[in-house]
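Coordinates in review
The residues making up each chain are set out below.
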Amino acid sequence: MEDKELKELFGSFEPEMSSDLSFMSRLRDNLDSVEMIRQHNARQHALSRVALAVAVCAGFVVGFLFSLALPYIGAAVDALQSTLPSGSAMRVVTDNYQLLSWILIAFTAAYATINSYNLTLGALTKSHRDPNC
């Protein structure tokens, strides 16, 4: 019984068919859109690789330059340590100054890396802006 009702329901259904020209036009527009998105993604990928290279160099340079300051930090901490009383809580900090200095250097290098990546990517994206987008 249900089969017969379904056949009657869909028997009168005659969808409107679009012309071949309009179908091909829509298909061509869709393919053009896909190609434009693919080209944009390829451009963004290339720009992000350049920004990554700049960020790696910046992080390395900042880490290297800050690590050159370690002897000076050590001399300053030794001078400070000689003025502190033996039971001072700052004595613990001055005894472990190298670990704290390396942690500070790592955070500074990471901060410089992230910011240089963002700045470079922003500058490159702005200078390579596609007028079609």
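**Things to note about the overall build of the protein**
- A tally of regular secondary structure across the protein gives five helices and zero strands.
- Ordered by position from the N terminus, the helices and strands of the protein form the series α-α-α-α-α.
- Expected size for 133 residues packed as a compact globule is a radius of gyration near 14 Å; at 33 Å, the protein overshoots this value by more than 25%.
- With respect to the three principal axes, the spread of C-alpha positions in the protein is 100 × 45 × 15 Å.
- Split into buried and exposed, the 133 residues of the protein put 17% on the buried side.
- Computed over 10 positive and 13 negative side-chain charges, the inter-centroid distance for the protein is 12 Å.

**Here we look at the side chain of Gln81**
- Here Gln81 is to be found in helix H3 (residues 70-83).
- For Gln81, a relative accessible area of 18% translates into the label buried.
- There is a polar contact of 2.4 Å between the side chain of Gln81 and the side chain of Asp95.
- When sequence neighbours within four positions are dropped, the list of residues in contact with Gln81 reads Arg91, Thr94 and Asp95.

**Structural notes on the packing of helix H2 (residues 20-68) against helix H5 (residues 97-127)**
- Orientation of H2 relative to H5, taken along the N-to-C sense of each, is 150°, at an axis distance of 7 Å. Regarding the angle of H2 to H5, the classification is roughly antiparallel. Viewed along their axes, H2 and H5 form a crossing whose handedness is right-handed.
- Class assignment for the residues of the contact of H2 with H5 results in 16 nonpolar, 10 polar and no charged.

**Section: the confidence of the model for the protein**
- Per-residue pLDDT for the protein has a mean of 86; in total, 96% of the residues score no lower than 70.
- Of all secondary-structure elements in the protein, the lowest mean pLDDT belongs to helix H1 (residues 2-11), at 77, while H2 reaches the highest, 93.

**Re a negative patch on the surface**
- Judged by side-chain charge, Glu2, Asp3, Glu5 and Glu8 come together as a negatively charged surface patch.
- Tracing the chain through its elements places Glu5 in helix H1.
- The partly exposed category is assigned to Glu5, whose relative accessible area is 48%.

Reading guide: rules and limits
Residues numbered from 1 in each chain as written. Predicted model: local features only at pLDDT ≥ 70, side-chain atom pairs only at ≥ 80, totals over all residues. Heavy atoms only, no water. Helix = DSSP H or I, 4+ residues; strand = E, 2+ residues; numbered from the N terminus. Rg over C-alpha atoms; globule rule 2.2 N^0.38 Å. Buried < 20%, exposed > 50% of the residue type's maximum accessible area, 1.4 Å probe, protein only. Lys, Arg positive; Asp, Glu negative; His and termini not counted. Charge placed at Lys NZ, Arg CZ, Asp CG, Glu CD. Polar contact = N/O pair within 3.5 Å; in protein donor to acceptor, adjacent residues only side chain to side chain. Contact = heavy atoms within 4.5 Å. Axes fitted to C-alpha atoms, helices over the stretch in contact; angles between N-to-C directions. Parallel < 35°, antiparallel > 145°, perpendicular 65-115°, else oblique. Left-handed = near helix turned anticlockwise from the far one by under 90°. Nonpolar A, V, L, I, M, F, W, Y, C, P; charged D, E, K, R; others polar. pLDDT = per-residue confidence, 0-100. Patch = residues over 30% accessible without salt bridge, like charges linked within 9 Å, V, L, I, M, F, W, Y side chains within 5 Å. Areas by Shrake-Rupley, 256 points an atom, 1.4 Å probe, with all protein chains shown as cover. Salt bridge = Lys/Arg side-chain N within 4 Å of Asp/Glu carboxyl O.

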